[in-house]
Amino acid sequence: MLHEKTVAFIGAGSMAEAMISGLVNSNKIPAHQIIATNRSNGERLAVLEAKYGIKGIKLDQLQFDQIDVFILAMKPKDVEKALNNLIGQIEVNQLVLSVLAGITTTYLEQNLHNGQQVVRVMPNTSSTIGESATAISPGHATSNENIILTQELLGCIGEVYTIKEKDMDIFTGLAGSGPAYFYYLMEHMEKQGSEAGFDVETTRQIIAQTIVGAAKMIQEQDVTPTVLREKVTSPNGTTAAGLKALDDNGGGLAISKAVEHAAIRSKEISEQIQESLLVSANK
Ligand SMILES: NC(=O)C1=CN([C@@H]2O[C@H](COP(=O)(O)OP(=O)(O)OC[C@H]3O[C@@H](n4cnc5c(N)ncnc54)[C@H](O)[C@@H]3O)[C@@H](O)[C@H]2O)C=CC1
Ligand SMILES: O=C(O)[C@@H]1CCC=N1
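Residues numbered from 1 in each chain as written. Chains lettered and ligands numbered in written order. Predicted model: local features only at pLDDT ≥ 70, side-chain atom pairs only at ≥ 80, totals over all residues. Heavy atoms only, no water.

A.B. asks: Help me out: how do you make sense of the overall build of the protein in this one?
C.D. replies: From N to C terminus, the protein includes 11 helices and 8 strands. Principal-axis analysis of the C-alpha atoms gives the protein an extent of 65 × 45 × 35 Å. Counting only residues that meet the buried cut, the protein has 39% of its 283 residues in that class. When the accessible surface of the protein is totalled, it reaches about 16000 Å², and 55% of it is carbon and sulfur. Averaging the positions of the 23 positive and the 32 negative side-chain charges in the protein gives two centres separated by 3 Å. (Helix = DSSP H or I, 4+ residues; strand = E, 2+ residues; numbered from the N terminus. Buried < 20%, exposed > 50% of the residue type's maximum accessible area, 1.4 Å probe, protein only. Areas by Shrake-Rupley, 256 points an atom, 1.4 Å probe, with all protein chains shown as cover. Lys, Arg positive; Asp, Glu negative; His and termini not counted. Charge placed at Lys NZ, Arg CZ, Asp CG, Glu CD.)

A.B. asks: Teacher, can you tell me more about the UniProt feature "binding site: NADP(+)" (unreviewed entry) in the protein here?
C.D. replies: The UniProt record marks I10, G11, A12, G13, S14, M15, A73, M74, K75 and P76 with the feature "binding site: NADP(+)" (unreviewed entry), using the residue numbering of this structure. Spanning 67 residues, the named residues nonetheless gather at one spot, since no C-alpha pair among them exceeds 14.0 Å. Note that I10 resides in strand β1 (residues 7–10). In this structure I10 touches T37, L59, L62, F70, I71, L72, A73 and M74, once residues within four positions along its chain are discounted. Considering the arrangement of structural elements, one finds G11 in the loop between β1 and α1 (14–26). The class of G11 is buried, set by a relative accessible area of 13%. Beyond its immediate stretch of four places on either side in the chain, G11 contacts A16, T37 and A73. (UniProt positions renumbered as here; feature names shortened; annotations may be inferred. Contact = heavy atoms within 4.5 Å.)

A.B. asks: Please clarify how the packing of aromatic side chains should be interpreted in this entry.
C.D. replies: The geometry of an aromatic ring pair is captured by two quantities: the separation of the ring centres and the angle between the planes. Counting across every chain of the model gives 2 aromatic pairs. Between F64 and F70, the aromatic rings sit 5.8 Å apart at their centres with planes inclined by 25°, giving stacked as the arrangement. Taking relative accessible area as the criterion, F64 reaches 6% and is therefore assigned buried. Where Y161 meets F171, the ring centres are 6.3 Å apart and the plane angle is 50°; that geometry is what we call tilted. Note that Y161 is positioned in strand β8 (residues 158–162) and F171 in helix α6 (residues 168–176), a separation of 10 residues in sequence. For Y161, a relative accessible area of 39% translates into the label partly exposed. (Phe/Tyr/Trp six-rings, centres within 6.5 Å; stacked < 30°, edge-to-face > 60°.)

A.B. asks: Before we go on, may I ask you to explain the site of ligand 2 in this structure?
C.D. replies: Lining the immediate environment of ligand 2, one finds A101, G176 and S177. Expressed as a share of its isolated accessible area of 250 Å², the protein-covered part of ligand 2 is 45%. (Near = heavy atom within 4 Å.)

A.B. asks: In this structure, what is going on with helix α2 (residues 42–52)? I would like to understand it.
C.D. replies: Side chains that are three or four residues apart share a direction in an α-helix, a result of its 3.6 residues per turn. Of the residues making up α2, those classed as buried are L45, L48 and Y52. In a view along the axis of α2, the buried residues occupy a sector of 60°, so they form one face of it. Exposed residues pointing more than 90 degrees away from the buried face of α2 are listed as E43, A50 and K51. Phi for G53, located one or two positions after α2, is positive at around 75°. (Arc of directions from axis to C-beta.)

A.B. asks: It is not clear to me how the site of ligand 1 should be interpreted in this structure. Could you clarify?
C.D. replies: Around ligand 1 sit 20 residues in total, of which S14, M15, M74, V99 and A101 are the nearest. Here A101 contributes a backbone N or O atom positioned 3.0 Å from an oxygen atom of ligand 1. In isolation ligand 1 offers 830 Å² of accessible surface; the protein chains occlude 80% of this area. The residue inventory of the shell around ligand 1, partitioned by class, reads 13 nonpolar, 4 polar and 3 charged. (Polar contact = N/O pair within 3.5 Å; in protein donor to acceptor, adjacent residues only side chain to side chain. Nonpolar A, V, L, I, M, F, W, Y, C, P; charged D, E, K, R; others polar.)

A.B. asks: Mind showing me how you'd approach the pairing of strand β4 (residues 69–72) here?
C.D. replies: Remark: a regular strand shows side chains that alternate across the two faces of the sheet. Burial of β4 is two-sided: the residues V69 and I71 facing one way and the residues F70 and L72 facing the other way are all buried. With 4 bridges joining them, β1 and β4 adopt parallel strand pairing. Bridge assignment links F9 to a residue of β4, and that residue is I71. Sheet topology note: the β4/strand β5 (residues 95–98) ladder contains 4 bridges and is parallel. Across the sheet, residue I71 finds its bridge partner in β5, namely L97. A crossover connection joins β4 to the parallel β5 through helix α3 (residues 79–87); in handedness this β-α-β unit is right-handed. (Pairing = 2+ DSSP bridges. Right-handed = clockwise from strand over helix to strand, strands pointing away.)

A.B. asks: Could you clarify how one ought to interpret unusual backbone geometry in this entry?
C.D. replies: Phi at N27 takes a positive value of approximately 60°, unusual for a residue other than glycine. The topology assignment puts N27 in the loop between α1 and β2 (34–38).

A.B. asks: Would you explain a nonpolar patch on the surface in this entry?
C.D. replies: A cluster of nonpolar side chains, F182, L185 and M189, forms an exposed patch at the surface whose accessible area comes to about 280 Å². Tracing the backbone through its elements, the reader meets F182 in helix α7 (residues 178–195). (Patch = residues over 30% accessible without salt bridge, like charges linked within 9 Å, V, L, I, M, F, W, Y side chains within 5 Å. Salt bridge = Lys/Arg side-chain N within 4 Å of Asp/Glu carboxyl O.)

The structure is reproduced here in structure tokens:
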């Protein structure tokens, strides 16, 4: 039962905060059962406590045996140290979720107990408002019960997709990094709107509503983006002019490349971390 579980974030940065916000707002798990930890930044923990009503605890004061679900939320470069600390504190049956880009379940399993319950997770920052597109890939020892618990927990912050781990890099390119592409697009549209004399705040809200409307059309109607795009585009009209400018300036290619390169980077991070593991094993 989700409402009886205690969840501890290891790392209390942007992604942890986005997930904490979504979890608390969902009201499916009491705020006092959510714990944010870090190594030393007490001020940051106090801010999270005040804002969300959760508990902030420095890692060396955490009662690890009281935790049902750990969520690793540090940068990938810090994972080795974090796992070295964690393995001495947790039991094999405690569930460890990792939101770290590029960090595989194999890596987590190799660095925790034999048979450790692990799930690789890729949320995005829209977790803040319960609108994440989140992927999960369980480790091979992870029980069905823990997979269901993970789905329930992450269901509090948006939609959950259970995917094959080989697809995690492309999912990261699409959805983990995805919000940034839309913000980038919005920054450019906003600039153009305000240069034409619209006030920035109004422009921002108009663009946001336009994106929400387009996204909901896809979610609520059984129609492809191509068909919807064609419906907007009158022959020789304004949209045709806009789309031609996008094409002439490599707009489509740029978007494809953004997704491709984010996915490549996710794979690269996995390879680099795996290599560093081999180097330290051979020392
Ligand atoms: N920001 C995003 O949109 C998304 C981030 N992620 C993943 O989330 C992870 C965290 O990203 P951000 O929150 O953006 O980074 P961040 O830099 O804001 O936060 C990381 C936090 O981890 C803490 N930390 C580092 N080593 C630690 C350790 N050994 N024990 C405890 N705490 C430790 C740091 O003090 C910092 O507070 C990354 O691995 C990233 O790949 C995943 C999906 C989306
Ligand atoms: O930029 C990053 O590496 C993280 C992972 C996905 C989104 N942000």
